[in-house]
Amino acid sequence: MQILCAGNLYAQSATNKATTDTVKKVALKEVAIHAERLSSRNTSASPVQILKGAELEKLNSLSVADAIRFFSGVQIKDYGGVGGLKTINVRSLGTNHTAVFYDGIEFGNSQNGQVDLGKFSLDNIGEIDLYSAQKSTIFQPAKGFSAGSSIYLTAKMPSFDDGRSNGKVSFKAGSFGLLNPSIFWQYKLSDKIYSTFSSEIIHADGRYKFRYTNGVYDTTAVRHNGDIDAQRIEAGLNGKLKDTSTFAVKGYLYNSNRGLPAAIVNNKFDSKQREWDRNEFVQASYNKAFNPRYSLQLNAKYSDDYTHYFDPEITNLRGLLDDKYYEHEFYFSVANRYHINHWWDVAASADYQRNTLDALQNDTAQYRFVRPVRNTFLAVLATSVHFDRFNAQASLLGTFVNDTVDTLVAAGKKKEYTPALLLSWQPIENSPVRIRGFYKSIFRLPTFNDLYFTFIGNALLRPEFAKQYDLGFTYSKSHPDNVLAFYAVQIDGYYNQVRDKIVAIPGQNLDRWTMYNLGKVHIKGLEVNAQATWLLPASIVLNTGISYTYQNAKDVTDVTDFNYNQQIPYTPVNSGSLLVNAERGRFSVNYSFIYTGERYNEKANIPENYMQPWYTHDAGVTYTANWDKHKIKLTGEVSNLANQRYDVILNFPMPGRNYRFTISSTF
Amino acid sequence: MKNTKITIYLFAGCLLLAISSCRKDEKPIPEVVSTLTTPDPTATVKGFYLLNEGNMNSNKASLDYLDYTTGQYHKNIYNQLNPEITKGLGDVGNDIGIYGSKVYVVVNVSNKVEVLDKKSGKRITQINIANCRYVTFHNGKVYVSAYLGTVGDPKAPNGAVDEIDTTSFAITRKVTVGRQPEEMAIVGEKLYVANSGGYSPPNYERTVSVIDLASFTEMKRIDVAINLDRLKADKYGDIYVTSRGDYYTIPSKLFVIDTNTDTVKKEFDFGVSNLWIDDDTAYMYSYEFSYITGKNITTYTMLNVKDETVINSKFITDGTETQIKVPYGIAVNPVTKEVLVTDAKDYVTPGTLYCFSPSGKKEWSVTTGDIPGHFAFAY
């Protein structure tokens, strides 16, 4: 589904003067589409936040990580710059509790359990959904039930308005020496099959000014060694077969070379560490509805991940420190759904995954390096009931894992059963008020690094468990004749408990850490999201979105701890964002604001660990024009307008004011 | 409808207004003062500095000072005394020593030795040495060990000891030693340094390098055991050196070297993580962590350094040792014989400093910075 902007229609009928009626019709259509798009935010039994289509394009964002900052309940860990690592933490459960799905199949990392969202450029992403608990459908791979929260990234879908081919070429340039050409092309091979191709190159020197002050000293310097060179190629085939079954196949290759700027500490601002990554995968999906009652979904994936880390500041007997790791993953899933009757469905899914980690050359952990093989089997039994005004889903996930190793101790077998229950209820007929809630018990497995990394790993680690409770309320209203043509609100209160949290503690000797199940965290939170569309005079359509998050996340591990019942690190009590977009004719203006409240960078909530609140204002303008049959877009963006100097992570400074220009053309 | 619109505008407006005024001006972090003991204006030992390492990359190396003359403990004095120094004391304070009227703080990741005035705590200068580890003094010179003599040369895995002049603060001489040298001690005109080889496990170093101070060359190496760390001299010409083992099958041990023959003369079959020699006694502790039980096994021992025998005494006698999670630093007041022990807890929480009377009873305890570990007494 494509969002039609008022600007588009204007451009196509440029020679005709639009009447007020046409404008209104367009605006109404926009509102209706908006309403339809937002409805899943309101009707979904699990809280979901969506950024999609034109709204996603208008954000001052280069990568998925930049875009996700605007969601409620999300804390981003950003190490700065175009190439800097960016991971997210949803509802304070911890980074490893969030699964990332790319076109329905999980994109993971068994070595450290973290997905760098900075790697996913928005260039070919059509939709980003963030679900708390799980996606509210029982017909999905078992993986879909296996994380505390899930991000679904969906590639852009084609719209072949006329002709067989649909493409876009674009070029971005801006601060940090950014040069980013990209191409996106879809070709209709036949009535039922189309192919997709997208590719991009990112180059940035990564240099930006940063500033530190304590009120007495005031230093400005330039961030070095933050350069990045990355390439991405994706190709895919989507189609429908004669028996109405559908399939999708995708190949993906990502390659990068980047510098790793270190923490800025006294007397040492620069570093020379470097990292190379190469990731390639092939994934395929197949969907078939055999008869009105039974449907089948198959998914498969094979992926390779190569990481190369170089640290010239450490010299060992082999030379300068150089690590090379290889990960391989194979995944296969079968999901079945059966309609028992018009209000009752059952589903059963089974997933198998095999992960291996190898190191051909390894200095950091060569000694006693373990080459694990993990076989994971997930099975889900789920059922859903749906009536006019009430729907509920219940699922039980069985997880069976077996680790084997070539040397030393394996983590061995693990077996867990975890349930989830999702409810959504519209109490009053014909009133758009809905109440929803969920309970979910889930865990995350220790990663290969947690278990096996030399000196630090602990093969006896247990999974880290999270229990989530949520109760929420949603409301929406359309008044196409009013200025405030549409608004919707979603409010959720939640309570999460994390136990057996995997943390690093002083280990076998005083110079090392070791991983241990030690932490306990209780999290109470509130998320408020509201969206509105205004139809202003002079044919301006204004879309706004506001989000606010309150998080009270306390460490309750041990009553004798110094920080017992204090806020856990890097978790602000208050945070929020505001998105405003105004469109008129060919112009679209964007303003966004993010606020992250004060927080502490270590466990103890003391002045030495205090970090100031930070907030940034971003703005952008887009102009759309038609030339021949091409739609040309020019965009100018300014981020961090007020040039605020801040760190998300202590000693990793973020850029001040920065700019980006984009020119794109469809073909 | 109008009301809803107005309400929403008002809400957004208030929000922006409230938020826009909420970043406070930065200020240097002030010290925290607490009274711990009765003031003793005539004390011979005027006070001591405690160096808190701070976790790597946090840039939280900090300095505390207990002033015996006022009985007050000053936590985190550096920022208040030297607010103009960009980014403060630095990242990972690894060692501290007092020589003459100056305090020398070795800040490992910040690649420097910070020089302060002993009386005021004000900074005098810094000496840039990459990957510096420990400091010792002799005859108007400062000696600093560094993990790597040259950084960035794949063919140069060895460490070095730098000699610095105390008036010019320039590095006058440098000698290459074993890989990743740690603590040093000077006996007579020889400097002994423990080599760990910690960058290349399991190929640890096994030796103590012996350096002739006159020529500043490495005369010989004494073969001891793998992964050497602490090195302390007693007043009888002996050196006590600890081996950390390989953390798995080779246990940690304590060795004694006779500097007259430069050979190992005694070996103790128990591990020692840290020790402090005062007069005829070595005060020691050992920390070992067990994955199986998830608990640490900490032992406290005393040794007679005159005849190298274990003393059947304890320096903590009231059960306080059960409260200490991870002992990290130990020192003994040379005059009062009070024993100071620090607890680094989980490395990411403020530590605790305990003071025990000569009979082993806890006199006071105080919260310190992160990873308290190194002491220097000021006369």
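First things first, this report covers the structure right here in the doc. (Residues numbered from 1 in each chain as written. Chains lettered and ligands numbered in written order. Predicted model: local features only at pLDDT ≥ 70, side-chain atom pairs only at ≥ 80, totals over all residues. Heavy atoms only, no water.)

## Remarks on the overall build of chain B
Under the convention used in this document: Numbering of helices and strands starts at the N terminus; helices are DSSP runs of H or I of at least 4 residues and strands are runs of E of at least 2. Remark: exposure states derive from per-residue accessible area (1.4 Å probe, protein chains only) relative to the maximum for the residue type, with buried under 20%, exposed over 50%, and partly exposed in between. Whether two residues are in contact is decided by their heavy atoms, any of which lying within 4.5 Å being enough. With residues, only the protein chains shown are counted as cover, and all accessible areas are computed by Shrake-Rupley using a 1.4 Å probe.
Secondary structure summary: chain B contains 2 helices and 29 strands in total. Buried residues in chain B amount to 60% of all 379 residues. The contacts of chain B with a sequence gap of at least 6 include a subset with a gap of at least 24, amounting to 47%. Roughly 14800 Å² of accessible area belongs to chain B as shown, and the carbon and sulfur atoms make up 53% of that amount.

## Structural notes on the overall build of chain A
Rules: Each radius of gyration reported is based on C-alpha atoms, and the globular scaling rule is 2.2 Å times the count of residues to the power 0.38. The convention is simple: Lys and Arg are positive, Asp and Glu are negative, and His and the chain ends are not counted. We put the charge of a Lys on NZ, of an Arg on CZ, of an Asp on CG and of a Glu on CD.
The helix and strand tally for chain A stands at 5 helices and 35 strands. In terms of C-alpha radius of gyration, chain A reaches 25 Å, essentially the compact-globule figure of 26 Å for 667 residues. Across its three principal directions, the C-alpha atoms of chain A cover 80 × 65 × 50 Å. Counting across all 667 residues of chain A, residues that qualify as buried make up 58%. Element-wise, carbon and sulfur atoms account for 58% of the exposed surface of chain A, whose accessible area totals about 26400 Å². The distance from the centre of the 71 positive side-chain charges to the centre of the 63 negative ones in chain A is 4 Å.

## What about the interface of chain A and chain B?
Applicable threshold: The quantity reported as buried area is the accessible area (1.4 Å probe) lost by two parts once they are put together, taken as the sum for both. The term salt bridge refers to a side-chain nitrogen of Lys or Arg lying within 4 Å of a carboxyl oxygen of Asp or Glu. Polar contacts here mean pairs of N or O atoms no more than 3.5 Å apart (in protein, one a potential hydrogen donor and the other a potential acceptor; neighbouring residues in sequence count only if both atoms are side-chain atoms). Ten residue types, Ala, Val, Leu, Ile, Met, Phe, Trp, Tyr, Cys and Pro, are classed as nonpolar, four, Asp, Glu, Lys and Arg, as charged, and the remainder, Gly among them, as polar.
Counting residues at the interface gives 72 residues for chain A, matched by 81 residues for chain B. Both sides of the chain A and chain B interface together cover about 6600 Å² of buried area, and 59% of this is carbon and sulfur. If you look at where chain A meets chain B, you find 5 salt bridges. Our count for the contact surface shared by chain A and chain B stands at 27 residue pairs in polar contact (both at pLDDT 80 or more). Going through the elements one at a time, strand E11 (209-213), strand E16 (294-316), strand E17 (319-341), strand E24 (484-506), strand E25 (513-536), strand E28 (587-596) and strand E31 (614-627) of chain A are the ones with two or more residues in the side of chain A that touches chain B. When residues of the side of chain A that touches chain B are assigned to their parent elements, the largest contribution, 5 residues, is made by E16 of chain A. In terms of residue class, the side of chain A that touches chain B is made up of 36 nonpolar, 25 polar and 11 charged.

## Thoughts on the sheet that holds strand E11 (residues 160-165) of chain B
Residue and element names in this part refer to chain B. So the rule is basically this: At least two bridges found by DSSP between two strands are what make those strands a pair. To define axes, lines are fitted to C-alpha atoms, for helices over the stretch in contact only, and angles between the resulting N-to-C directions are given on a 0 to 180 degree scale.
With antiparallel pairing, the 4 strands of this open sheet are ordered in space as E9-E10-E11-E12. Taken across any chain shown, the strands that pair with only one partner, and hence form the sheet edges, are strand E9 (132-138) and strand E12 (171-176). Strand-to-strand twist across the sheet, computed as the mean angle between neighbouring axes with direction ignored, equals 20°. Where strand E10 (residues 141-146) and E11 come together, 6 bridges link them in antiparallel fashion. The residue bridging Val144 from the neighbouring strand is Asp162, located in E11.

## What about the pattern of salt bridges?
Applying the stated criterion to the full structure yields 56 salt bridges over all chains. A salt bridge links Glu163 of chain B to Arg173 of chain B, with the nearest nitrogen and oxygen atoms 2.9 Å apart. Here Glu163 of chain B is found in strand E11, whereas its partner Arg173 of chain B is found in strand E12, with 10 residues between them in sequence. Here Asp223 of chain B and Arg206 of chain B are joined by a salt bridge, their closest N and O atoms 3.0 Å apart. Placement of the pair is Asp223 of chain B in strand E16 (residues 217-223) and Arg206 of chain B in the loop between strand E14 (190-195) and strand E15 (207-212), with a sequence separation of 17 residues. A relative accessible area of 45% means that Asp223 of chain B is categorised as partly exposed. Assessed through its relative accessible area of 34%, Arg206 of chain B is described here as partly exposed. Through salt bridges that share partners, Asp103, Glu200, Arg232, Glu234 and Lys250 of chain A make up one connected network.

## Some remarks on unusual backbone geometry
A cis amide bond, omega 0°, links Pro201 of chain B with the succeeding residue Pro202 of chain B. As for its position among the elements, Pro202 of chain B is in the loop between E14 and E15. Despite not being glycine, Phe176 of chain A has its phi angle at roughly 65°, a positive value. The topology assignment puts Phe176 of chain A in the loop between strand E8 (165-174) and strand E9 (178-188). Notably, Asn139 of chain B is not glycine yet its phi reads approximately 55°, a positive angle. Structurally, Asn139 of chain B can be placed in the loop between E9 and E10. Among the residues examined, Asn139 of chain B registers a relative accessible area of 62% and is labelled exposed.

## Description of the sheet that holds E15 of chain B
All names here are of chain B. If you trace the 4 strands from one edge of the open sheet to the other, you get E13-E14-E15-E16, paired in antiparallel fashion. Single-partner strands in this sheet number two, and they are strand E13 (181-187) and E16. Averaged over all neighbouring strand pairs, the angle between strand axes comes to 25°, with direction disregarded. With 5 bridges connecting them, E14 and E15 associate as antiparallel partners. Bridge pairing in E15 links Leu191 to Ile211.

## Quick look at a nonpolar patch on the surface
Formally: For patch building, the residue pool is restricted to those with more than 30% relative accessible area and no salt bridge; the joining distance is 9 Å between like charges and 5 Å between nonpolar side chains (Val, Leu, Ile, Met, Phe, Trp, Tyr).
Judged by side-chain polarity, Val169, Ile183, Trp185, Phe197, Ile233, Leu253 and Phe667 of chain A come together as a nonpolar surface patch covering roughly 530 Å² of accessible area. As for its position among the elements, Val169 of chain A is in strand E8.

## Things to note about the pairing of strand E21 (residues 274-278) of chain B
Residue and element names in this part refer to chain B. With 5 of 5 residues buried, E21 lies mostly within the body of the structure. What you see with E21 is no split at all: Asn274, Trp276 and Asp278 on one side and Leu275 and Ile277 on the other are buried throughout. In terms of strand pairing, E21 meets strand E22 (residues 281-289) through 5 bridges, oriented antiparallel. Bridge pairing links Leu275 to Met284 in E22. Taking the residues that link successive antiparallel strands as the turn, the E21-E22 hairpin has 2 residues, and the phi of Asp279 there is positive, at about 60°.

## Here's the deal with the nonpolar core
Convention followed: Buried Ala, Val, Leu, Ile, Met, Phe, Trp, Tyr and Cys residues that are joined via side-chain atoms within 4.5 Å together make up what is termed a nonpolar core.
Val64, Ile68, Leu117, Phe120, Ile128, Ile151 and Leu153 of chain A are the most contacted members of the largest nonpolar core, which has 52 residues in total. When residues in this core are grouped by element, the largest group, 4 residues, is from helix H4 (residues 64-68) of chain A. Discounting chain neighbours no more than four positions away, the residues touching Leu117 of chain A are Ser63, Val64, Ala65, Ile68, Lys86, Ile88, Val100 and Ile151 of chain A. Among the nonpolar cores identified, the runner-up in size contains 30 residues, and Leu36, Tyr285, Val339 and Cys355 of chain B belong to it.

## Description of the environment of Ile226 of chain B
All names here are of chain B. Mapping Ile226 onto the fold places it in the loop between E16 and strand E17 (228-233). You can call Ile226 buried: its relative accessible area is 12%. Measuring from C-alpha to C-alpha, the distance between Ile226 and Gly198 comes to 9.6 Å, with 28 residues separating the pair along the chain. In contact with Ile226, not counting residues within four places along its chain, are Tyr204, Glu205, Arg206, Ser243, Arg244, Gly245, Asp246 and Ile250.

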